[in-house]
Amino acid sequence: MTRMCIGIDLGGTFTKFALLDEQMRLAGQCQLDTPAAQGPEGVVGVMAEGCRQLMQENNVSPAQVVGVGIGSPGPLDLDAGVVIAMPNIPGFDHFPLRDRLSGKLGLPATLENDANAAALGEHLCGSGRSARVMVLLTLGTGLGGGIVIDGKVLHGAHSMGAEIGHMIVAPEGELCGCGQRGCIERYASAAFLALRARRAVESGRESSLAGVLAAKGQIDSRDVNQARQAGDALAAEIWDQACYYLGIACVSLARLLDPDVILLGGGLAKAGEDLLEPTRRHFIRQHWQLTPPRTRLELASLGNDAGVIGAAGQAWSVLGKR
Ligand SMILES: [Zn+2]
């Protein structure tokens, strides 16, 4: 009988499900809408429904399933399996998500932070394979991160480890939603790169992005890259600034962890080499001189599937040895 773990990636719009066998091979996937308006009980109901659907579609019996791993936005109390609060879905106030789903399915469950789960996913099945120490930076609306050391996710002493987006790279810099100033998230996430471009345009800087803003009412990170490719000086400056700050963060991560690889993922990383090349350049330029840079900077490879694969991987890691 092939043993399986189920991974769940809880998002504000969609909930994803995946089956992972013991060799960490993907054996099936499905996706359902997240009933955000129905609160935590509705969300647990859809999670259970998705697990049943996944098992049925792939001819897997509940007896074959070792456990279910949930990847969730936070903050979380990982030891207790509790969601302390959830930014995109109202009603999660110290909600015991892990035990509630486990009870509903009659299967053991684990709870993991979604950014950590994505890092584990890249380690198991993506660009981080064979790395002893790896870091994933997810550059999207915010800047999420995860650290995997010797196959294990770094959680820290209070479930708050690897909050890489809130490493300070600019003393007394921009105020972050977390209350600190100068967090890397405010300089190198897709959303804030776009915001910085918009602010520059609105302050009167000359740029083709003014036309984009007038036509669409907004500027996104892709617009900035397109304008940069077309020779727009302001777009090039804003893009390079984000890569400069990413380079600083990567040097600090290299000093702290000496990783094999730092992976760049999320919406901004869809720019591929356009992001990687200048970030590598800034990383090398700011790197110490004592030894040559050995940490590689690469693109993540699993895209939006990293979280659900990692959630299943976490279930294997926690529940697989029982
Ligand atoms: Zn912050």
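Residues numbered from 1 in each chain as written. Predicted model: local features only at pLDDT ≥ 70, side-chain atom pairs only at ≥ 80, totals over all residues.

**Q** Explain the sheet that holds strand β11 (residues 261–265) residue by residue, including any values.
**A** Reading across the sheet, the five strands line up as β10-β9-β8-β11-β12 and stay open at both edges, with mixed pairing between neighbours. The open sheet has two free edges, formed respectively by β10 (152–153) and β12 (296–299), since each of these has just one partner strand. Where strand β8 (residues 133–139) lies against strand β9 (residues 143–149), seven bridges are found, and the strand directions are antiparallel. Along β9, the bridge assignment pairs Leu 139 with Leu 143. The strands touched by helix α8 (residues 233–257) within the sheet are β8, β9, β11 and β12, with β8 carrying the most contacts at an inclination of about 155 degrees. (Pairing = 2+ DSSP bridges. Helix = DSSP H or I, 4+ residues; strand = E, 2+ residues; numbered from the N terminus. Contact = placed C-beta atoms within 7 Å. Axes fitted to C-alpha atoms, helices over the stretch in contact; angles between N-to-C directions.)

**Q** Just give me the short version of the pairing of β11, but keep the residues and values in it.
**A** In terms of burial, β11 is largely enclosed, as five of its five residues are buried. Of the pairings in the sheet, the one linking β8 to β11 comprises five bridges and is parallel in character. Note on β11: the bridge partner recorded for Leu 137 is Leu 264. Here β11 runs beside β12; their pairing, made up of four bridges, is parallel. Bridge assignment links Leu 263 to a residue of β12, and that residue is Glu 298. With helix α9 (residues 273–286) bridging β11 and its parallel neighbour β12, the resulting β-α-β unit is right-handed. (Buried ≥ 20, exposed ≤ 12 C-beta atoms within 10 Å, placed from the backbone. Right-handed = clockwise from strand over helix to strand, strands pointing away.)

Read these as spatial facts, not as claims about activity.
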